[in-house]
Structure formats: C-alpha cells, structure tokens
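# Survey of secondary and tertiary structure
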Amino acid sequence: PAQAGPGGLAEGFSSLHHNDERFFSVRLSVEKEIEPFQTLRLRAFYRQFAPGRAPPEHYQFLRNELSLQELHAAWPVQAEEAEQETWQATLGMCDPEELDERIREAISGERHWILTGGPPCQAYSTAGIVGNRTKANYSPETDERYLLYKEYIRVIAVHHPSVFVMENVPGLLFAKLAGQKIIESVLSGLRSPGDFAYKEFGLWPDAPQYRLFALAHGVQGIDAPAENFLVHCENYGVPQARSRIIILGFRDDIDISAFIPPPVVSATAVGKVLSSLPELRSTLSKEGDSLEKWRSVFREITPTTDWLVEAETLHGSELKHVILPAAAQLYQT
C-alpha cells in the first residue's frame, strides 16, 4: 500500500482466503509514523502464517508475556520476511529511486498485481480542513499531504499495476488548490498516469491508460461526476455509517466485463460483529487505572453530579434515570 498507515487495506485484502491459502500476498507497505508502522510490521509478521495459525508466542506478546525481541527470536525467518515487507519512509520525500527499486523487488516481475493506498486523509478530512484554517499562514499549496496523491500516480505510471485502489475521506471531493478541485486532477491523473508523470515529474514512462470503476455505479467515463466514487460503507456490510471515496482503476488490457458493482445489503448490527469477542472492562483514560478506581468513578455519580444535572437540563430526566441505575450496577460489579 502507498502510505499504508497501520495497514487497513492490506488487512482487507489478506483476509480473503480459501482453506489455508490467502488469495493476495502483501509484498510491500510504506508508512512514515512510528506507531502505525509498528502495527504494520506486527501484522506483516502475523501474515507469514496461514490464516488462524499464528503461533502461541504471537498471543503471548499481545498479552505482554513476551517482548518483541523474544517473539522474533522464536520465529526469525518470519520476522525477517515481515521486515522486508515493511518500510518506514515518507512518500514524496524519500528517494524515488529507492522506492522504485523496492517495488520492483516486491513484485518480482509479476505482470498482475494490485496497488492500494491513497493520500493522507488528515489534509482532506473535515477536522483537518477546519483545523488548518486556524493555523497562522497556513497554505494548502505548501502542505505536502495535499500533494501526496501525485506520488501515488507516479508509482502507477512507472510500475503499471493491473488494478489500483485509491481510498480517501469524502472531503477529497471538496478540497482545492489554487481554486481548482483536487479530485479533478486526481481522476485525470489516474486515467492517464503517463501524461501526469510527464507534466508533474518530467518523466517519460511507457504507461498504460486506466479505466476507472465506482463501486456503486460501475465503469465511469471521463464526464462522470466525481461524487459517483463516494461509497456509503453501511450499504455493504460495514456496521458503521461511514462514507469513503474509493476509486478502482483497471489497466486497459484487463477485461472487466464480468466485474459489476456489488449488491447493496441490509444493515449489519454492531452487536452481531462484537458478540463473539471476549468481554473487556473499560479502562480510565486520564489517570492510572485499577478496578477500584474504575468503580469509584461510578460510585461518585449522584443525582447532583454537575454533568448529569446539565444533561438533565438539556435532554430531560429520561437520560438520568438510565445512567444512575447503570452506574450503581457497574460499581458493584
């Protein structure tokens, strides 16, 4: 994936398997931030084993019974593979030649492979846009996160994946640079990455054209509205009202006649997803946690607690009549 974060897209692709064999093998993921990168590498280690066959040491590490060094010492071959699969670097700022060489090594001459990723969503999210407006002298033109989509398209132009998946937040539809919507440049570049690479980087790659596909609407012509790429994920089994821009691109030699939009499904209840998970006690986020401290928080909730009085003023007494007996039950648990 391009700027992979902790690897959500990789998790989705690698979760598809038949018996003990995954349909997709993740070969290279790039992330700049240390915390998501650590998760990325740990999950790369996990994927070195057949689905559901991770060794007991992996779960001992998750329970803090083993150190990361001890986990890797127990499975050195798999640890080395995970290290080769993940690279901590900043796309758009790292050496493009090194990135290209790592990609070539990862795909090993394969003609059919998939590129997944997308520009950092912070630059286009509602919170990011509002926050940026409060910064003195902030300019989108100097925010490298606004421009990272160019590196994604450059990779397509140079390496010619069979299929790419670009994902981002709905704010990408409205983000602008120099008065022009970024999404227009994104879609144009994704359709003709070679032309884009020449214009933006002075490159002359022998790049193919791509046909763009919207999950909810199918193949999209050049005049199709950008809004067609907005996917309401709750329509496809995700137990959350979550919207995302998802753009699929197919290399022009790929036959996509049998590829059709997936059917809309009924809403998935959160309880259905969580019911099989073990029960966990919520911890305190702003102070040292212990079971007794946790109970004391609920013990201190009374009808005159300030925030509860305020809630009653704003929303009526019904909420208070739910919270008080629930708190009493929790501090006795």
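First things first, this report covers the structure right here in the doc. (Residues numbered from 1 in each chain as written. Predicted model: local features only at pLDDT ≥ 70, side-chain atom pairs only at ≥ 80, totals over all residues. Heavy atoms only, no water.)

So, on to the overall build of the protein. Helix and strand counts for the protein stand at 14 helices and twelve strands. Sequence-distant contacts, at least 24 apart, represent 67% of the contacts inside the protein between residues at least 6 apart. Carbon and sulfur atoms make up 54% of the accessible area of the protein, which totals about 19,600 Å². Counting 31 positive and 44 negative side-chain charges, the protein places the averaged centre of each group 3 Å from the other. (Helix = DSSP H or I, 4+ residues; strand = E, 2+ residues; numbered from the N terminus. Contact = heavy atoms within 4.5 Å. Areas by Shrake-Rupley, 256 points an atom, 1.4 Å probe, with all protein chains shown as cover. Lys, Arg positive; Asp, Glu negative; His and termini not counted. Charge placed at Lys NZ, Arg CZ, Asp CG, Glu CD.)

As enumerated under the stated definition, the model contains eleven aromatic pairs in all. Ring centres of Phe213 and Phe259 lie 4.8 Å apart, and the angle between their planes is 70°; this geometry places the pair in the edge-to-face category. One end of the pair, Phe213, is in strand S9 (residues 210-214); the other, Phe259, is in the loop between strand S12 (243-251) and helix H11 (270-274), with 46 residues separating them in the sequence. A relative accessible area of 1% places Phe213 in the buried class. Residue class for Phe259 comes out partly exposed when judged on its relative accessible area of 36%. (Phe/Tyr/Trp six-rings, centres within 6.5 Å; stacked < 30°, edge-to-face > 60°. Buried < 20%, exposed > 50% of the residue type's maximum accessible area, 1.4 Å probe, protein only.)

Another point: the nonpolar core. The biggest cluster of nonpolar side chains holds 37 residues, and the ones touching the most others in it are Leu99, Phe164, Ile183, Val186, Leu190 and Ile247. In terms of residue count, the dominant contributor to this core is helix H8 (residues 144-159) (six residues). Beyond its immediate sequence surroundings of up to four residues, Phe164 is in contact with Leu115, Tyr152, Ile156, Leu190, Tyr210, Leu212, Ile247, Leu248 and Gly249. By size, the runner-up hydrophobic cluster in this structure holds eleven residues, among which are Val163, Phe213, Ile254 and Ile256. (Core = buried A, V, L, I, M, F, W, Y, C linked by side-chain atoms within 4.5 Å.)

Across the five residues that make up S9, a large majority, four, are buried. Looking at chain direction, S9 and S12 are connected through five bridges and run antiparallel. Each residue of the ladder has a partner; that of Ala214, found in S12, is Ile247. Where S9 and strand S10 (residues 218-220) come together, three bridges link them in antiparallel fashion. Among the inter-strand pairings, Ala214 is bridged to a residue of S10, identified as Gly218. Linking two consecutive strands that pair antiparallel, namely S9 and S10, is a turn of three residues. (Pairing = 2+ DSSP bridges.)

Quick look at the packing of helix H13 (residues 306-315) against helix H14 (residues 318-332) now. Between H13 and H14, the shortest axis-to-axis distance is 8 Å and the interhelical angle comes to 150°. In terms of axis orientation, H13 runs roughly antiparallel to H14. Residues Trp307, Leu308, Ala311 and Glu312 of H13 touch H14, and the partners they reach there are Leu319, Lys320, Ile323 and Leu324. Split into classes, the residues belonging to the contact of H13 with H14 amount to six nonpolar, no polar and two charged. (Axes fitted to C-alpha atoms, helices over the stretch in contact; angles between N-to-C directions. Parallel < 35°, antiparallel > 145°, perpendicular 65-115°, else oblique. Nonpolar A, V, L, I, M, F, W, Y, C, P; charged D, E, K, R; others polar.)

The next point concerns the side chain of Ser162. Along the chain, Ser162 turns up in the loop between H8 and strand S6 (163-168). On the accessibility criterion, Ser162 (5% relative accessible area) is buried. Excluding residues that lie within four positions of it along the chain, Ser162 makes contacts with Arg111, His112, Trp113, Tyr210, Gly249, Phe250, Arg251 and Ile254.

Now for the pattern of salt bridges. The final tally for this structure, using the stated rule, is 16 salt bridges. Salt-bridge contacts for Glu85 lead to Arg47; the nearest nitrogen and oxygen are separated by 2.7 Å. With Glu85 in helix H5 (residues 76-85) and Arg47 in the loop between helix H2 (34-46) and helix H3 (56-62), the pair connects residues that are 38 residues apart, well separated along the chain. For the pair Glu85 and Arg47, one class covers both residues: buried. Two residues, Lys320 and Glu312, come together in a salt bridge whose shortest N-O distance is 3.3 Å. Classification of Lys320 as buried rests on a relative accessible area of 15%. Residues joined by salt bridges that share partners form a network here, namely Glu11, Arg43, Arg47 and Glu85. (Salt bridge = Lys/Arg side-chain N within 4 Å of Asp/Glu carboxyl O.)

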